[in-house]
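Below are the chains, spelled out letter by letter.
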Amino acid sequence: MKKDTMKLALVLALMVCLVGSLFAAGQKEGAVAAAPKEVVTLEWWTWDSEEYDEASQRAMVKEFEKTHPYIKINMVLLPTKGFETKMTTALGAGVGGPDVAFFSVASWYPKALVLDDLIARDKFDIGMYYKGFWDTKTQFNGKTIGLPLGVGSSLVMFNKDLFDAAGVAYPTNSWTTTEYLEIAKKVANPAKKIWGAEILTRPFRAIWYNYGPNARLYSPDSKTVEGYLNSPESLAAYEWFYDLMRSGATPTVSDMSTLSTENTGPIDLFMANRLAMATLNQGHMLNAVKAGKNFGVVREPGVGDNPRHVNAWSLLVGIWEGTQHPEEAWTFLKWYVGPEGQKFLMDNANLFPSIDAVGKQYKDADKDYVKAFLEILNDTQVAIWRGAHPSGTKVEASITDLWDKIKLGLITKAQIKAELDALVPKAQSVLDEAKKTLIY
Amino acid sequence: MVQKHVKRSPAAIKEALCGYISISPWLVGFIILTFIPILSTIYYSFTRWTIMDAPVWIGLENYIRMFTKEPLFYQAVRATSLYVAMSLPVIIVFGVLLSLLLNMKIKGMNFYRTLFYIPAVISGVSIAMLWTWLLQPDVGIVNTLLSYLGIQGPKWFWDPKWALPSVASMSLWKVGGSAVIYLAGLQNIPPQLYEAARIDGAGKLRIFFRITIPLLTPTLFFQLIIQMIEAFKVFTEAYVITKGGPLKATYFYLLYFYEEGFQHFNTGYASALILFLVVIIMLMTAAVNYTSKHWVYYEGEGKSK
């Protein structure tokens, strides 16, 4: 009986194996019979920066291709300035554009694929992104045209060693523009060519916005310059800058020009221990950590109880509306600007992710400088005004003479008001003309 | 009046065809890369076009805006005109003087010629960066040397009064290139003329002004036009060093064009701007050409006709 049972069990086992192997073979046969999925190559235009260098981006592409064998990424690395020209030409001509790219210029927005249907179809969780950046960076005419890659902001880095040597207390997040001036003067040591603060590159940065709602280039409806450019708040901001320039606490204009790196501010002066406070960004902050600098981070100084502003950014990555592969481009975009891609760039480069949950996994999330940076991101973004007023850049370019006059000491403090009043009609004319060329 | 119809022989037709085929690579290149873009630029100058959308015909509005509503236009014209006026004499006079030196028969002359020509093959951006440091007011070599002489140097690029002369003085760097052209002109002057003059008892200055300069005028004429066009196209120095400042002292025309065309993407307006520059250059060239009959001498012909 026992023998029979064993025989039966053996036969059953053999049958199971036979059926199983037949089933498996059938499946294999079916898989072979199905048409192989065509490999799609996507064109991805990018640049390298403090936050993501070329090597880390190429490594990220390999990582993506491992899990997406049917999508190949042709990463085209362009110089930042060449990128704008190439994108504008391609999008304007309507041919030869990238499948996926940074949509970093407002005039390109109408050429980006609207993503709302894809987001809804895939139930893609947009709630994972910081709301402030989602709202200011991804929307155009009420539609979603891209996803926000990383976050960054201006911040004031201060050199603790220089502060300690001068016996000056460190600044705090609640500091004011008046305190900024006082600190800059105290910590400066012109005899040793050590400066307290840098010369700001232009007006209407975050500090201007901190002076009040009328410290703007023109009215919220983009119609009137009078009462904004020359408002008491704007005047106060200009006078503050005048005091800074006459304080003796800043490097010379020529020093700033030759020793600052274009577009990246006075990082070299700061790293060389010649500048006690410098308005830099989170990329510089991470480089300072790597270099072992003893530094702290605070937000830009405020004015009274006015809302605090920050010049913050996130890079909009979108899909060109002319792409031949919208599905594959969306697959790549979701991965690249989603948790996987941003975590990869955070771990392997200098990216601070725009996804809160990923940011919490940052290796130094408990460090003071990271906490300070993340706190700064909660301030009101200058980008809200900038995004709503694309003519601002043109108008601002028309008023730089006053900035030069203050920097070069060609004007007295009492003359600033008259200069601002005189600039109003000129700026108004530029605003009126600039609005005509807006495409939306 | 009856017109005679001349029938071409097959050989003549074949010859003409061969001619057209021979020049066709150039002709096709010219039509595609030059002629059509010129026509397009003329058309776009009458439109509002930001590249992203189709151009909108606005007639003369860009030109009206240029002349009546854009203060930056006049600042750019002023800075560029001053630059041309300052740099052109510098590059012509020093170019001729350098070529005279390079024409001397001394040992190692080929080395000196190469040495002075090197700057002409270095990128404009590198040269601009070099000059930034040379003329840095606090630590630059020029002001340091001046300080040894007890002279407080100016702030050069960072002073509205000195910025334009500073940029113009950078033209000195380029004289090696033009000196080589003058040198070729000098070497084409028949030596028997100098010999005859010396036998007649002419001094060095007299020989220079009565023989060298008159026989160099065809080269000077050519160089004047080329260098003038180059001067009108000044861009790199302002773009790299001064950004057009301070107080728009170096806000050159091409910088203005670049900002409008490639930063603000006002392509229609930028097209009008560049056409205006082309017209100005053509007028200036025509004026120089017109005056040439009074001062340019061609060997065996006297003054040019």
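This structure is a prediction, so every number in the text was calculated from the model and none was measured.

Novice: Outline the overall build of chain B, supporting the account with residue identities and numerical values.
Specialist: When you go through chain B residue by residue, the secondary structure sums to 13 helices and four strands. Here the C-alpha radius of gyration of chain B, 25 Å, is well above what a compact globule of 305 residues would show, namely 19 Å. The C-alpha extent of chain B, read off along each of the three principal axes, is 75 × 55 × 35 Å. Within chain B, the proportion of its 305 residues that are buried is 39%. The contacts of chain B with a sequence gap of at least 6 include a subset with a gap of at least 24, amounting to 63%. As displayed, chain B offers around 17,700 Å² of accessible surface, 69% of which is attributable to carbon and sulfur atoms. Both charge centroids of chain B, one from 24 positive and one from 14 negative side chains, sit 7 Å from each other.

Novice: How would you explain the overall build of chain A if you had to name every residue and give the values?
Specialist: A count of helices and strands for chain A gives 20 helices and 11 strands. When burial is assessed residue by residue, chain A has 52% of its 440 residues classed as buried. Sequence-distant contacts in chain A: of pairs separated by 6 or more residues, those separated by 24 or more amount to 74%. With the model as given, the accessible surface of chain A reaches about 19,700 Å², and the carbon-plus-sulfur share is 57%.

Novice: Could you give an account of the interface of chain B and chain A, naming the residues involved and the relevant values?
Specialist: Between chain B and chain A, the contact holds 29 residues from the first and 31 residues from the second. A combined buried area of about 2,800 Å² lies between chain B and chain A, and 58% of that area is made up of carbon and sulfur atoms. The largest contributions to the chain B side of the interface with chain A come from Met52(B), Trp158(B) and Leu247(B), which together make up 25% of the buried area. At the junction of chain B with chain A, the criterion picks out four salt bridges. The residue Lys248(B) makes a salt bridge to Asp401(A) at a minimum N-O spacing of 3.3 Å. Those elements giving two or more residues to the side of chain B that touches chain A turn out to be helix H2 (61-68), helix H3 (71-102), helix H5 (124-134) and helix H11 (236-242) of chain B. For the side of chain B that touches chain A, the per-class residue count stands at 12 nonpolar, seven polar and 10 charged.

Novice: Go over the pairing of strand S1 (residues 40-46) of chain A, please, and point to the residues and values.
Specialist: Moving residue by residue along a regular strand, the side chains alternate between the two faces of the sheet. Residues and elements named next belong to chain A. Extensive coverage of S1 is indicated by the burial of five of its seven residues. Bridge analysis of S1 against strand S2 (residues 71-77) gives seven bridges, and the strand direction is parallel. When the sheet's bridge partners are listed, Thr-41 is paired in S2 with Lys-72. Read as a crossover between parallel neighbours, the route from S1 over helix H2 (residues 54-67) to S2 is right-handed.

Novice: For the pattern of salt bridges, give the residues involved together with the corresponding values.
Specialist: Think of it this way: side chains of opposite charge can pair up when their charged atoms draw near. This structure, assessed with the given rule, holds 25 salt bridges over all chains. Ionic pairing is found between Glu396(A) and Arg202(A), a salt bridge with its closest N-O pair at 3.2 Å. Within this pair, whereas Glu396(A) is found in helix H18 (residues 392-397), its partner Arg202(A) is found in the loop between helix H7 (177-187) and helix H8 (206-210), the two being separated by 194 residues in sequence. Close ionic contact of Lys233(B) with Glu230(B) constitutes a salt bridge, the shortest N to O distance being 3.4 Å. Looking at Lys233(B), the relative accessible area reads 39%, which means it is partly exposed. In this structure Glu230(B) comes out as partly exposed when scored by relative accessible area, which is 42%. In the salt-bridge network here, residues are joined through shared partners; they are Lys394(A), Glu433(A), Arg65(B), Lys69(B), Glu70(B) and Glu260(B).

Novice: Let's hear about the domain arrangement of chain A: which residues, and what values?
Specialist: All names here are of chain A. Domain assignment breaks chain A into domain 1 (40-152 + 313-380) and domain 2 (153-311 + 388-436). Inter-centroid distance (C-alpha atoms) of domain 1 to domain 2 is 30 Å. Contacts between the two partners involve 17 residues from domain 1 and, on the opposite side, 22 residues from domain 2. In total, domain 1 and domain 2 occlude about 1,800 Å² of area from one another, counting both sides; carbon and sulfur atoms represent 59% of this. Summed over the three residues of domain 1 that lose the most area to domain 2, namely Trp-313, Tyr-369 and Ile-376, the buried surface amounts to 32% of that side. Where domain 1 packs against domain 2, one counts one salt bridge. Between Asp-379 and Arg-299 there is a salt bridge, with its nearest N and O atoms 2.7 Å apart. Here domain 1 is connected to domain 2 by five residue pairs in polar contact (both at pLDDT 80 or more). When residues in the side of domain 1 that touches domain 2 are grouped by element, the largest group, five residues, is from helix H16 (residues 368-376). Taken together, the residues of the side of domain 1 that touches domain 2 break down into nine nonpolar, three polar and five charged.

Novice: Can you break down the environment of Pro37(B) residue by residue, with the values?
Specialist: Residue and element names in this part refer to chain B. For Pro-37, the location among the structural elements is in helix H1 (residues 10-44). Note: C-alpha distance between Pro-37 and Gly-201 (164 residues apart in sequence) is 58 Å. Apart from the residues lying within four places of it in its own chain, the contact partners of Pro-37 are Ile-31 and Ile-32.

Novice: An account of the domain arrangement of chain B is needed here, citing residue identities and associated values.
Specialist: Residue and element names in this part refer to chain B. Annotation of chain B at the domain level lists domain 1 (12-57) and domain 2 (69-303). Once you take the C-alpha centre of each, domain 1 and domain 2 turn out to be 32 Å apart. In this assembly, eight residues from domain 1 lie in contact with nine residues from domain 2. Taken over both partners, the interface formed by domain 1 and domain 2 buries close to 620 Å², and the fraction arising from carbon and sulfur atoms is 70%. Where domain 1 packs against domain 2, one counts zero salt bridges. Our count for the contact surface shared by domain 1 and domain 2 stands at two residue pairs in polar contact (both at pLDDT 80 or more). In the side of domain 1 that touches domain 2, the residues fall into four nonpolar, four polar and no charged.

Novice: Lay out unusual backbone geometry with the relevant residues and their values.
Specialist: Cis geometry marks the peptide bond from Gly245(B) to Pro246(B); its omega dihedral reads -10°. Within the secondary structure, Pro246(B) sits in the loop between H11 and helix H12 (253-263). A positive phi angle, near 50°, is found at Lys123(A), a position not held by glycine. Positionally, Lys123(A) belongs in the loop between helix H4 (116-121) and helix H5 (131-137). A relative accessible area of 72% means that Lys123(A) is categorised as exposed. A positive phi is found at Asn273(A), a non-glycine position, where the angle reads about 60°.

Conventions we followed
- Residues numbered from 1 in each chain as written.
- Chains lettered and ligands numbered in written order.
- Predicted model: local features only at pLDDT ≥ 70, side-chain atom pairs only at ≥ 80, totals over all residues.
- Heavy atoms only, no water.
- Helix = DSSP H or I, 4+ residues; strand = E, 2+ residues; numbered from the N terminus.
- Rg over C-alpha atoms; globule rule 2.2 N^0.38 Å.
- Buried < 20%, exposed > 50% of the residue type's maximum accessible area, 1.4 Å probe, protein only.
- Contact = heavy atoms within 4.5 Å.
- Areas by Shrake-Rupley, 256 points an atom, 1.4 Å probe, with all protein chains shown as cover.
- Lys, Arg positive; Asp, Glu negative; His and termini not counted.
- Charge placed at Lys NZ, Arg CZ, Asp CG, Glu CD.
- Buried area = accessible area lost by both parts, 1.4 Å probe.
- Salt bridge = Lys/Arg side-chain N within 4 Å of Asp/Glu carboxyl O.
- Nonpolar A, V, L, I, M, F, W, Y, C, P; charged D, E, K, R; others polar.
- Pairing = 2+ DSSP bridges.
- Right-handed = clockwise from strand over helix to strand, strands pointing away.
- Domains from an automatic or database assignment.
- Polar contact = N/O pair within 3.5 Å; in protein donor to acceptor, adjacent residues only side chain to side chain.

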